[in-house]
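Working through the structure, step by step
Here is how the chains run, residue by residue.
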Amino acid sequence: MPKPATELRPLKTAAPQPHGPAAAVTRRAADRLRAGHLWVYRSDVEFLIPALGTNEVAPGALVTITDSRGIPLGTALYSAASQITLRLVSPEAALSRPAYLDQLRERLNAALTLREELAPDSPENNASRLIFSEADNLPGIIADRYNDLVILQLLTQGTAQDDVRQLLTEIIRERLQPATIIERPDPKVRELEQLAPPSPEPLHTNTPGTPTLTTVFTINGLKLHYDATSGQKTGAFLDQRLNYAAAARHARGRALDVCTYQGGFALHMAQRCDQVTGIDASRAALQVADRNLELNPDLQAKVEWIEADAFEFLREYEAAGEKYDTIVLDPPAFAKSKRAAESALRGYKELNLRAMKMLNPGGTLVTCSCSHHVPLEEFTAVVASAASDAGRRVQILEIRGAAPDHPAILTLPETTYLKCLICRVAD
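Residues numbered from 1 in each chain as written. Predicted model: local features only at pLDDT ≥ 70, side-chain atom pairs only at ≥ 80, totals over all residues. Heavy atoms only, no water.

1. Here we look at the pairing of strand β10 (residues 180-183)
Residues in a regular strand project their side chains so that they alternate between the two faces of the sheet. To be explicit about the condition: Only protein chains enter the area calculation, which uses a 1.4 Å probe; residues under 20% of their type maximum are buried, those over 50% are exposed, and those in between are partly exposed. Under the scheme used here, helices are H or I runs from DSSP no shorter than 4 residues and strands are E runs no shorter than 2 residues, and both carry numbers assigned from the N terminus. Here, a strand pair is defined by DSSP locating no fewer than two bridges between the strands.
Residues Thr180 and Ile182 of β10 are buried on one face, and the alternating residues Ile181 and Glu183, pointing to the opposite face, are buried as well. By the bridge criterion, two bridges tie β10 to strand β11 (residues 204-205) in an arrangement that is antiparallel. When the sheet's bridge partners are listed, Thr180 is paired in β11 with Thr205.

Here is the structure:
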């Protein structure tokens, strides 16, 4: 099993009790749970209470959360490895594993029904997020659909278990009839949660021995490749689906897509622009972007790909006096933790400052952040600071977020992670 990525504070363990397994939490954590938050951090766990006949709380166990007075607050999935030690799954105390699985069945079906309303399958769009963890009241579970493939991520010690895999496979097969269902964990999360790697074999396939692991899917009518054995996380960034279309509506002239990955924004803008350049530091991603370009031969623009670091590219091209009519900034999450937020803001500031200096008067800037540690207000303030330093008057035309198949929970700010500002750089 992988070693923890960071040093964890040891948790105190009390004597076994009949109401165990349980976890007593601080008043701060109890107040947050009562206000609708769903997580308890390790620093807020006062002590663990094993069940009678045991000496410890097993990783992945369902535990009753109590406040410091012993009043139960519900049942949570326990992680022995994560800083998010408890994830609330029910307001009911002492929820059994069979009851938890019954609850999962009901919530999984509800999530799939919601996607039929929010992102119905069609010839123009046949890819969506089917399950979005806490946002669907299903902590530790993510599922994405790419045409006839479904990719699962089981992100916690309590969900990366065979009974959950079997239930997910059964329901998704019944509801969607995909060619293949395969589990593909996020390597970073697997390390943090100390999870053993899942079997490389699909959980379901219509063609045993030769499972379908690649496909072509469509977003907004554009065709894109998907390969379940390569790329970041589960593949394309489905949360940007409607932002891709919005960017295309505003794009014109000579366009630049910074951190293009597999060409999402670039290919959408190529429907309206004269020339589009997509840059990314990953050669493998750009190779997929080029294959995606070949799938869409009727695009209006001339498209080119450049392998480059975003910061170095913008410094060089700004110094050379290069000008564009449309620029998209869609970098990876700069702030993976609260401690990294300050340096992330500096990174966003530099990218936006240079992009604004490179835009022609009246040009369009589409600037994004997927760092949930950088809230919308701070991100907007950074873009405003960049505008001030660049001496440009910037109008916000649209403030956007993730597509609706990535719903957010009002009482869990971490689910409101994606920000997308569409701006006009007036002069």
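Now that the structure is up, let's keep going.
2. Points about the confidence of the model for the chain
Spelled out, the test is: Confidence scores here are pLDDT values: one per residue, from the predictor, ranging 0 to 100. Here a residue-residue contact requires only that any non-hydrogen atoms of the pair lie within 4.5 Å.
Per-residue confidence for the chain averages 93 on the pLDDT scale, and 96% of its residues sit at or above 70. In the model, residues 1-5 has pLDDT below 50 throughout and makes nine contacts with residues more than four positions away in sequence or in other chains.

3. Some thoughts on the packing of helix α2 (residues 97-118) against helix α3 (residues 162-176)
Under the convention used in this document: Axis definition: a line fitted to C-alpha atoms, limited for helices to the stretch in contact. Angles are taken between N-to-C directions and run from 0 to 180 degrees. Should the near helix be turned anticlockwise from the far one by less than a right angle, the crossing is left-handed, and should it be turned clockwise, the crossing is right-handed. Three residue categories are used. Nonpolar comprises Ala, Val, Leu, Ile, Met, Phe, Trp, Tyr, Cys and Pro, charged comprises Asp, Glu, Lys and Arg, and polar comprises the others, including Gly.
In the contact formed by α2 and α3, the axes pass within 10 Å of each other and the chain directions differ by 35°. You can see that α2 and α3 cross each other, and the crossing is right-handed. Seen from α2, the contacting residues are Arg97, Tyr100, Leu101, Leu104, Arg105, Leu108, Asn109, Leu112, Thr113 and Glu116; seen from α3, they are Asp163, Val164, Leu167, Leu168, Glu170, Ile171 and Arg175. Classifying every residue of the contact of α2 with α3 gives nine nonpolar, two polar and six charged.

4. Some thoughts on α2
Put simply, the test is: Helices are assigned an expected span. That span is 1.5 Å times one less than the residue count. Directions are taken from the helix axis to each C-beta atom, and the arc is the one they span. Counted as a polar contact is a pair of N or O atoms within 3.5 Å, where, for protein atoms, one must be capable of donating a hydrogen and the other of accepting one, and residues adjacent in sequence contribute only when both atoms are in side chains.
Given a rise of 1.5 Å per residue, 22 residues ought to cover 32 Å, and the 31 Å separating the end C-alpha atoms of α2 matches this to within 8%. Along α2, the residues classified as buried are Arg97, Tyr100, Leu101, Gln103, Leu104, Arg107, Leu108, Ala111, Leu112 and Arg115. Each buried residue of α2 sits inside an arc of 170° when the element is viewed along its axis, so together they form one side. Away from its buried face, by an angle of more than 90 degrees, α2 presents the exposed residues Pro98, Asp102, Glu106 and Glu117. Where α2 is buried, its residues contact β4 (62-66), β5 (72-78), β6 (84-90), β7 (127-132), β8 (141-146) and α3. A side-chain oxygen of the first residue of α2 lies 3.2 Å from the backbone nitrogen of Ala99; this N-cap is Ser96.

5. Topic: the pattern of salt bridges
Convention followed: Salt bridge, as used here, is a side-chain nitrogen of Lys or Arg placed within 4 Å of a carboxyl oxygen of Asp or Glu.
Counting across every chain of the model gives 25 salt bridges. When salt bridges that share partners are traced, they join Arg315, Glu318, Glu350, Arg354 and Lys357 into one network.

6. Regarding the packing of aromatic side chains
Describing an aromatic ring pair means giving the distance of the ring centres and the angle of the ring planes. Threshold: Any Phe, Tyr or Trp ring, taking Trp's six-membered ring, that has another such ring centre within 6.5 Å forms a pair; planes under 30 degrees apart are called stacked, those over 60 apart edge-to-face, and the others tilted. A ring is considered to have a charge above it if a Lys NZ or an Arg CZ atom is located within 6 Å of its centre and within 35 degrees of its normal.
Taken as a whole and judged by the stated rule, the model has eight aromatic pairs. Summarising the aromatic geometry, the rings of Trp39 and Tyr41 are spaced 6.3 Å apart at their centres and angled 90° between planes, so their arrangement reads as edge-to-face. Given the relative accessible area of 10%, Trp39 is considered buried. In this structure Tyr41 comes out as partly exposed when scored by relative accessible area, which is 26%. In textbook terms, an aromatic cluster arises when at least three aromatic residues are bridged by ring pairs, as seen for Tyr146, Phe217 and Tyr226. Residue placement shows Arg254 over the ring face of Tyr324; its charged tip is 4.2 Å from the ring centre.

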